[in-house]
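# Structure assessment
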Amino acid sequence: MSSTPHDNDVILGRGRLISAHPGNVRFRHLVSQKREMYSQSRDNKFKRSVALSIVEEIESLDPPGRFLISQTGIKFAGIKEGVWVCVEKEKAIEKVLHRLREKNLGNCMKENGVQQESSGAKEGQSMLVSQNNSSANKNQVDGRSVATGDWHQLVIQSQIEQNTDRNCHSDNTSHLQANDYVSMPFEVGRSSETKVIQGSTRDDNGSGSCRINLSKTSKEYMVNFGRLMQSEPLVQSSNQCIKFDDVTNALISSHFDDEFDLIDPNILTLQQWIDESKPSDKSALPVYIRSAILIALKLTERLIFAGQSAGENPDANNRIPIAVIDARNVLVTVASEDLPTGSQITEEFNWDMSESSTELNKQEKEGSIVRKCILRVEFSPIVEINCVPDTTMSRLAALGCILYELVSIGERLSLHSISKEAFSLNAIQLNNDGNSDDGSELIEQRSKKSTPRPVDDRYSHLTMKLASIGIPHRLIDMVENLLNCSQGEFSGDYAYKSLDEVMVDLELMLNDPSRFLNSTSISDNLDLAISDELYGREKEIRKLRDVCERCLEGKSCGALILGEGGVGKSTLAMCTKLFTHDANGYFVSGKFDRNSTRPFMAIGDVFNSICDSFASDIQSPEQERTMAEALSRSLGNDACLLLDIVSNLSKLLPLHASCESSSVDAASRTRYLLLTLLDTLSKFSKPIIIFLDDLHWIDPASLSFCNALLQHTKNNKNLCFVFCSRYIEEKTADNINVNDWLQSLSESTLETIHLTNLNPEEVNRLVSGSLRTSPRLTRSLSTVLHSKSLGNPFFLRQTMEVLCKEGYFHFSLIERKWKWDLDEILDLRLDDNVVALLTRQMSKLPEDLLIGLKAASCIGYCIPQTVVDILSKHLEMDLFGVLTSLVQRSYLAGVGSALYRFTHDRIYQAAYELMSEKQRREDHMKFGLAICSYVLDNCENNYDMMFVGVNQINRGGPEVLADSCRRVMISQLNLNAGKRALLLTDFSSALSFFGHGIMFLNPGHWDAHYQLSLDLFTSAAESACATSDAALVKSYSETILAHSRSLDDRLPALCFAVKSLKESMNLPSCRDCAIEVLTQLGEDVSSVLEIPSQETIQITNNLLMSKMTDDSMIKMSPCTQMRAVFVMRLYHELNYVYYVFDQTRLLAISLRMVSLTFEIGLTDTSSLAFANYGVELIARGYLIGSRLGTVALKLAENSKYISYVIAAVKQYNLWVIEPLHAIAESHLVGFYSGKRVGDEFSSSLNFCLHLSTSFHCGKNLIQIKNSLSEYIVQLLENSQQWFLPQSAMLYWLIVELIEGPNFDLTEHNPLILNENGVMLFAASARHLELDIFIDGCKLMRSFLFRRDMTSCDGVLDRVVNATCQLRPTMIIAVFFEGLISFVMARQTAENNEWAIKGEIALAYMKRWESSKWNFKNKINLLEAEKMHFLGNFDLASQFYLQAVESSEKHKFLHELAICLELQGLFFQVRNLREKALTSLNRSVRCYKDWGANAVAERVEQYIQHHLRGC
C-alpha cells in the first residue's frame, strides 16, 4: 500500500530532489563504506550478505527506513506529493548489489588522466572548461586569477579534432578573448567537413565540425551549464587523451537518482544516439519512437524549466538561447548496460505501438532489440547556429527541427532553412496595409472558425518521408505543427502556441499511446469510443487509497462516497479493487436495487462472493479441514440457518438443509450469525474490501445489518467498507431512516468523499481522450460540452454519443482523426437532463429493441437468464438476441452467462420512463403472471423466481387485475412469499408481501376465503410487531378481532398486540391488554396477583422437595394445549411489566407459572417460570431456589430464552453456591448465547452483569474500564438506555480509583454520563435495584478515599427489608456500609449509632455465611472491625488474619488490599509499627495490582506522614 516518505527512506526514482533526499545521501554513504569489502571478495554469498547488511541497517533506523518507488511520478513540488509504495526486500537487495558493483567515477577519471592545467597552451590546442558553483573558487587563466563568477567575460577558443574513436580527443588550452572563435565537436550523419563561420555565416549542410562566434548570451549559458552540472573546473592538457563519456559522467553523477546510480551512464551526442539506436527493421521502430519521444519530452521540460528560472528576463543566465536550441547541442545520457527486468524505468514504456507488438516483445526477449535507458537529456553549448529572433514561435520551430531529426532517424533540418520563407512572407504581410494594419483582423477571423485551420502544406515532402518510414500520423502532425511555428503569427490554428502545449502532447503520447500516438485503423474509429477513465479524481483516488490503508491498520472502517447521479461514484469505488489486488486480498461487491426481487439480495451477493473466493483459494484438504473446523466452532449448529441467504457457505462447510430453530428476534440472530461468519473468515489474514453500491435504495433489513456490521468491525484490520450513495435531498417516509443513517455515518464511522461535477479543464481531458485529439485542439469544444452537461461525467458521455450518432462528430478517413463543427454544436438544443436525453435516443431504436428494453426495465436493474427465457416465450420473440444487441449498444451488460444488468441506473430510469404509468402496470402484471405460472408449473421451490414474479404482480397492483380467481391466487402467492421472507428475517419485505396479499383479496373475503384472510392478517400483525410498527399491529389486530370466529383464532394477534405495546414501552396499556386477554382465557388474574402467603410458598416448596426430583421436572411432558401456551406467554409479558413497576407482584406471577407448568406440562416459557420463582425464593432466604435455578438452566439449554435464564439464575440465584468469578464468566457465555438466539436485550444485560461482577471479583480495573467504554458507546449507538446508568456509574467509579476523586470525567470521555447524569436517570427510572447499585458505588468510593463517609446515603435498611430481587452487588454494598459504620464508630466513640449500623450489617452478612467463597472474607473483616471497636484486640487480630487469608485464597485482590490496609491501621493503633508498615506496604502493592493507583497513592501518603520513622 502507498506510504509517505520520511528522512530514513531510500527513494528510487528520477530527479535532483530524490538525489538530495536525506535517506539517499545516507544510503550512498553506506555503500561507499562497504564497497571495498564487497569488491575484495569473490564469494557471491558474501557479496549478497554485504548488500543485505546495508538493507537491514536502513530498516533498523528509527523510524525504520524503506526502499520506496513512485507510482505517479515526481513533480517539482516535492517527493511527498506522489504515491509511493515499498519495493520487495529482494528487489531492494538487487538495487544495493547494482550500486556496489558500479564504477567509482572519480577513480575512472584519474585512470584516464584527467587533470587540471594552468599554464599557457599553444594555438590550435583545445580546452574543456566547466564551472564550479563556489564563487570563492578561482582558476588561473593565462596567469591571471579569475573569479568563477566572471567566466562570462572570458572568450573561449578551443579546437577538438574529430577522431575515428568518438571517445578520444586531443586537447590544448589557450587564453581566449572576446569575439574569438570556439570550435566544438559534433557529428551529423557521416560527414567530417569543417567550416569556419563568423558573424551570420552558417552551416548550411548541417554536417561536420565548425568554428563559430559565441555571443554573450551563449557564453553565459555555458557558464550556467557548468553550474548545472555541479562539476569541478577541468582543463585538458595537449598531450593527453580524455574519454568524453568519463568526464561527463563525473560532471553529472551527483544528479542521478538512486535507481539510475545503479547503472553506469554513458553520454552521447544526439547523432551518436540516433546511430546507435536506429532500428534495424520496421519491427524495431516502436522502441526507437518511444525513446525519441522521451528525448523530446526531456528537452521540452528543460526549455520550460530554464524559461521559468529566467522569468520575464530573456537575458537571465539560465535561459537557453535560441542559438543553442539545435540538435547538435543535445547530449543524451544513457545506461551503459541494459536495465534489469521489472525496473521502474523500463516499466515506464510498457505499452504497445502497433499490431506487431507481440513480435516486438518476442524480439526483445531474444535480445535482437537492445533497449538502452535514457537517463538524461541536456542542451550543451557546443555550437551556436540559429540566428533568428528569439521568440516563443521560433523556439517551438527549433524544437520541431530537433524532433524531425529524431523521428527521421538522423536527417538534418536547419531552422534557418525553414525560416527564410517564413521571414519573407511575414515581411510581405506586415507591409500590406490594404486591409489591416497588423493582420489581427485576419487572425481573429481564423479564431472564429469552428474547426482548427492548418497553414499551407509547406512541409509535405518532409511529412511524406516520415510516413514512408512508418512514423505514426499523430507524431508526424506534431512535427508539422511545430515546424509551422516558423511562420510566426500566420502559422495556423494547428500550430503550437507554447512549450507547455508541446509537453502535454508528448506526455500523452508516452502515457497513453493507444489514444494519442498509435496509427489507428480506420475501421476501429468509425464509432466514437468514449473514454471510461476517471478524470479529475486524482485527489479522491489518493484519499480512497489512504482510507483503505487506514482500514488495514485498524484506524478506520472505510469510505462513504456521496454525489449526484452520474458523477462516477461507482467507478471511483471500483478503484479499491486494484488496491485489494496490491494487498493480495478479496474484493466483493453488492448493489441495492429500488425494486429488489428478493430479501437480503445485496448482502447475500456479498457473502456468497466472499465464500466463493475463499473456496477458490483452498489449496489442500488440510486447508479445507481447518476452514471447516473454524466455521463449525464459531457458527455451531446454527450455520444451516444461513444457507437461505449464503448458499455458497456449503462450499466451505458441509451443511444439510435448513434447520428449524427458535429465537427471540430472528433478525438479530441472523445479523449475529452473518457477523460471526465474516469475523471467522477475516481471521484468515487476507484483507477483504466490501463495496456496497446505491445505498440510497437500501431496504430496512439490510440497513440494520449494515449498521451492526460497521459497529461490530470497527477494529478489524482485515475489513474495509466502501459505500456509495446519491444525495437524498427530500425526506420521505421511505428514505428518512436512510438519510439519518447516512448523516450519522458521514459524521463518525466512515470517511466521506464528496464527488462533484467536472470542471472545464477536466471535461477537456475527457473529450480529448475520447476524440484522441490533443487537449489544445479540443478546448473550445469542451467548453461548449461543459456548459451543456454541467460537467456531469455520465451526462457528458451520453451527450457525446448522441452528437456522434447524429453526425456532429465524424471521422476523417483522409486525416484519420475526428472532426467536428463547433458552430453547429453550439447552436444545437439538447435536453437539460441526462434521462430526457437518453429517453429521446432510446425512442429511436428499432421496435424489437425498444420492446426488449422496456421489458428489461420492468423486471428491474438486473434480469436473470431464467426470466429472459420465460419472457421470450410470453412475448414470442428472441429476447436473448435483443438483449445481446442492447449489450452491444452499451445499454446493458452481461454478468456471466446467467444475468443481464443495466450499465447505469440513469439508463435504467430512462428505459422505464419510455412507458406510461398505465403501460408499466399492465406489463408488470403480465410479466409477473407469466413468471409465477412458470414457477407453479415447474419449480415451486425456486423462491428467487417466486420473489421476482410476485414483485412484478405487486408493482402492477390490484387495479389492473379484474379476475377474482386470479386475485385469490395472487393473495396466496403473497402469503407464501411473505412467509419465506420471514424465514430470511426480512420482516419489512414480509410485511410488504402480506400487505399486498390483503390488497388483492376480493370483497367479502372474510366469508369466502376466511382462512386465507386470517393467515394474511395474522402474519401481517406478526411482521408489523417485528418492525416495531405499533399502529399497524393495532390495525391488523382490531380487524382480526372484528372478523375472527373463535378465541383461538384471535390469540396470536392479541399476543402480538401485547408484545408490541411492551416493546414500545407503553407498559400500562400492555398490562391492561394482557390482563384482559388472560381473563378471556379463564384466568382469575386479580387473585393470581395477590401476594402469596408464607404458607402457600411452603406448600409449593414441600411439593418440590418431596415429590419432584430435578430429573423428573426436566423430563415433564410438553404441553399440547395452545391456550395454555398463550397463557404462559402472557404471564411472562406481565412479569416484565411488574419488574419495572411493582416487584412485589413477581413472586405471585412466577408461582402461578410454575403451578401451571406442573398442571399442563412444559412450554417454551417454563424455564423462565423456574428461573423467576427461584430468584424470588432466594431473595426471601429459601435456598431451594438455587435448585430451581439449576433446573431452569437445563430446560433453557436449547431454548430461545437461554440468555435471559443465564442472567436471572446466575446473577440473582446461583451466587449463593457458586463463586462470583464463575458467575462473571457465565454472564459472558450468556452474552454470546443471547447474540446467537437474537435476544439483544438479554445479551446486553449479561455483558453489563459480566463487567460489574468482574469488578467485584477484583479483576484488573484498566481492562474493565476499556471494556466499559466500548460497551457504553454501543449502548448509546443502539439507544439501549436501560443499562446505561449502571454502566456509566461503574465507569465513573473505576476512573476515579485509577486517576483520583478530583479527576474531570467529562474531559476524559464526554460520552459517559457523569454522576449527576446517572442520578437524574435513576430518579426518572425509580428502580430500587438501580438506586441501591448507585449508592453502593458511592459507599465504596467514600470508604476507599476516606471522604464524605458521613454524607453517603445508606443502603442497609433498603436491602435488609428489600422486596426486590437480590443481587451480590447489594450484599457488597451492605458490606461497605458496615466497614464505614465501624470506622466512624471508632472515630466518634461517644455516638453508638454507627456501631449499631455496623452490627446490623454484620448480622445481615452472616445470613449468607454458607457462601464461604464469596462472603467469608467479608464477614471476617467486619468481625475484625467490630472487635477492634470493642477493644478485643486478640480476637480482632485473629479475624484480620482470617480475612486476609480468605481474600487471598478466594482471589479477591481488591478486598485483600482493604483487609491489609485495615490490618495495618490496627497494628499501628497497637504500636506494632513494623507489622503495620509491612501490611500497609503490601496493601499498596495489591491496590496497584488491582489498578487503583489513586487509592494506593493515598495509602502511601499515609505511610509517609504517620510511619515515616519506621
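This write-up is about the structure you can find in this document.

Reading guide: rules and limits
- Residues numbered from 1 in each chain as written.
- Predicted model: local features only at pLDDT ≥ 70, side-chain atom pairs only at ≥ 80, totals over all residues.
- Heavy atoms only, no water.
- Helix = DSSP H or I, 4+ residues; strand = E, 2+ residues; numbered from the N terminus.
- Buried < 20%, exposed > 50% of the residue type's maximum accessible area, 1.4 Å probe, protein only.
- Contact = heavy atoms within 4.5 Å.
- Areas by Shrake-Rupley, 256 points an atom, 1.4 Å probe, with all protein chains shown as cover.
- Core = buried A, V, L, I, M, F, W, Y, C linked by side-chain atoms within 4.5 Å.
- Pairing = 2+ DSSP bridges.
- Axes fitted to C-alpha atoms, helices over the stretch in contact; angles between N-to-C directions.
- Parallel < 35°, antiparallel > 145°, perpendicular 65-115°, else oblique.
- Left-handed = near helix turned anticlockwise from the far one by under 90°.
- Nonpolar A, V, L, I, M, F, W, Y, C, P; charged D, E, K, R; others polar.
- Phe/Tyr/Trp six-rings, centres within 6.5 Å; stacked < 30°, edge-to-face > 60°.
- Lys NZ or Arg CZ within 6 Å of the ring centre and 35° of its normal.
- Patch = residues over 30% accessible without salt bridge, like charges linked within 9 Å, V, L, I, M, F, W, Y side chains within 5 Å.
- Salt bridge = Lys/Arg side-chain N within 4 Å of Asp/Glu carboxyl O.
- Polar contact = N/O pair within 3.5 Å; in protein donor to acceptor, adjacent residues only side chain to side chain.
- Disulfide = S-S within 2.5 Å.
- Expected span 1.5 Å × (residues − 1).

### Points about the overall build of the protein chain
Across its full length, the protein chain holds 68 helices and 24 strands. Scored against the burial criterion, the 1510 residues of the protein chain give a buried share of 57%. In the protein chain, 73% of the contacts between residues at least 6 apart in sequence involve partners at least 24 apart. Accessible area for the protein chain stands at about 64600 Å²; split by element, carbon and sulfur atoms hold 49% of it.

### Considering the nonpolar core
Residues L677, M842 and F902 are the most contacted members of the largest nonpolar core, which totals 139 residues. Not counting residues up to four positions away in its chain, the partners in contact with M842 are L850, L853, Y891, I907, A910, A911 and L914. Membership of the second largest hydrophobic core comes to 102 residues, among which are F1255, L1297, L1462 and L1477.

### Let's talk about the pairing of strand β15 (residues 558-563)
Within β15, six of the six residues are buried, which leaves it mostly tucked inside the rest of the structure. Bridge count for β15 against strand β18 (residues 719-726) is six bridges, and the pairing is parallel. The residue bridging G558 from the neighbouring strand is F721, located in β18. Taken together, the five bridges between β15 and strand β19 (residues 751-755) define a ladder with parallel strand orientation. Residue pairing for β19: L560 is matched across the bridge by T752.

### What to know about the pairing of strand β13 (residues 330-335)
Looking along a regular strand, one sees side chains alternate from face to face of the sheet. For β13, a buried count of six out of six residues is recorded, marking the element as mostly surrounded by other parts of the structure. Burial along β13 is two-sided: V330, V332 and V334 facing one way and L331, T333 and A335 facing the other are all buried. The pairing of β13 with strand β14 (residues 374-379) spans five bridges and is antiparallel. When the bridges of β14 are listed, V332 appears paired with V377.

### Topic: the packing of helix α51 (residues 1166-1179) against helix α53 (residues 1202-1212)
Direction vectors running N to C along α51 and α53 enclose 15°, while the axes themselves pass 9 Å from each other. By the angle between their axes, α51 is roughly parallel relative to α53. α53 is crossed by α51, and the crossing has left-handed handedness. Across the interface between the two elements, S1167, L1168, A1171, N1172, V1175 and I1178 of α51 pack against Y1204, V1205, A1208, V1209 and Y1212 of α53. Here the contact of α51 with α53 is built from residues that sort into nine nonpolar, two polar and no charged.

### Some points on the packing of aromatic side chains
Two measures describe an aromatic ring pair: the distance that separates the ring centres and the angle between the ring planes. Inspection of the entire model under this criterion finds 31 aromatic pairs. The interplanar angle of 90° and the centroid separation of 5.8 Å between the aromatic rings of W1215 and F1415 together place this pair among those described as edge-to-face. Placement of the pair is W1215 in the loop between α53 and α54 (1220-1237) and F1415 in helix α64 (residues 1412-1430), with a sequence separation of 200 residues. For W1215, a relative accessible area of 0% corresponds to the buried category. Positioned over the ring face of Y1010 is R1045, at 3.9 Å from the centre of the ring. Over the ring of F1452 we find K1418, and its NZ or CZ is 4.3 Å from the ring centre.

### Re the sheet that holds β19
Strands sit in the order β16-β17-β18-β15-β19 across an open sheet of five strands; the sheet is parallel. Each edge of the open sheet is held by one strand with a lone partner, namely β16 (586-591) and β19. Ignoring which end each strand starts from, the neighbouring axes of this sheet average 15° apart. Contacting β16 and β17 (688-693), helix α23 (residues 601-617) crosses the sheet at an angle of about 160° to β16.

### Topic: unusual backbone geometry
With an omega of 0°, the peptide bond between D62 and P63 qualifies as cis. Unlike most non-glycine residues, S890 shows phi in positive territory, near 70°. Tracing the chain through its elements places S890 in the loop between α35 (879-888) and β23 (892-895). Accessibility expressed as a relative area gives 41% for S890, which makes it partly exposed. Even without being glycine, N1471 reaches a positive phi, approximately 60°.

### Considering the sheet that holds strand β22 (residues 862-864)
Across the sheet, which stays open at both edges, the three strands sit in the order β22-β24-β23 with antiparallel pairing between neighbours. For this open sheet the edge positions go to β22 and β23, each flanked by a neighbour on one side alone. Direction aside, neighbouring strands of the sheet carry axes that sit 25° apart on average. In this structure, β23 lies alongside strand β24 (residues 899-902), joined through four bridges in antiparallel fashion.

### Looking at a nonpolar patch on the surface
A surface patch of nonpolar side chains, about 220 Å² in accessible area, is lined by V1360, I1396 and I1400. Here V1360 shows up in helix α61 (residues 1356-1360).

### Remarks on the side chain of T463
In this fold, T463 is placed in helix α16 (residues 460-469). At a separation of 3.0 Å, a polar atom in the side chain of T463 contacts the main-chain carbonyl oxygen of S460. Apart from residues no more than four positions distant in its own chain, T463 is found in contact with I476 and E480.

### With respect to the environment of N1493
Here N1493 is to be found in helix α68 (residues 1493-1506). For the pair N1493 and I1298, spaced 195 residues apart in the sequence, the C-alpha separation amounts to 5.0 Å. Look past the residues within four positions of N1493 in its chain and what remains in contact with it is L1297, I1298 and K1488.

### Things to note about the state of the cysteines
Counted according to the given criterion, the structure contains zero disulfides. For the unlinked cysteine C557, the closest cysteine sulfur is that of C551, found at 6.7 Å. The structure places no disulfide on C720, whose sulfur is separated from the nearest cysteine sulfur, that of C551, by 3.3 Å.

### A word on the pattern of salt bridges
Tallying each qualifying case throughout the model produces 56 salt bridges. Among the ionic pairs, E411 bridges to K465, the shortest N-O distance being 2.1 Å. Within this pair, whereas E411 is found in the loop between α13 (392-407) and α14 (415-431), its partner K465 is found in helix α16, the two being separated by 54 residues in sequence. Of the residues examined, E411 reaches a relative accessible area of 26% and is grouped as partly exposed. Overall, K465 belongs to the partly exposed group, its relative accessible area being 35%. A salt bridge links R765 to E538; the nearest nitrogen and oxygen atoms lie 2.9 Å apart. With a gap of 227 residues between them, R765 in helix α28 (residues 760-771) and E538 in helix α20 (residues 538-552) connect regions that are remote in the sequence.

### Observations regarding the environment of R671
Of note, R671 is situated in helix α25 (residues 666-682). Once the C-alpha coordinates of R671 and T985 are considered, the two residues, 314 residues apart in sequence, prove to be 9.3 Å apart. Setting aside residues no more than four positions away along its own chain, R671 makes contact with S704, F705 and A708.

### Overview of α68
Taking 1.5 Å per residue, 14 residues should reach 20 Å; α68 reaches 20 Å between its end C-alpha atoms and fits that length. Those residues of α68 that sit buried are A1494, V1495, A1496, R1498, V1499 and I1503.

### Some details on helix α36 (residues 905-912)
Most of α36 sits out of view: seven of its eight residues are buried. Among all positions in α36, only D905, R906, I907, Y908, A910, A911 and Y912 are buried.

### Concerning the side chain of N481
Position of N481 relative to the elements: it lies in helix α17 (residues 473-483). In contact with N481, other than residues within four places in its own chain, are Y494, A495, Y496 and R776.

That is the geometry; function is a separate question.
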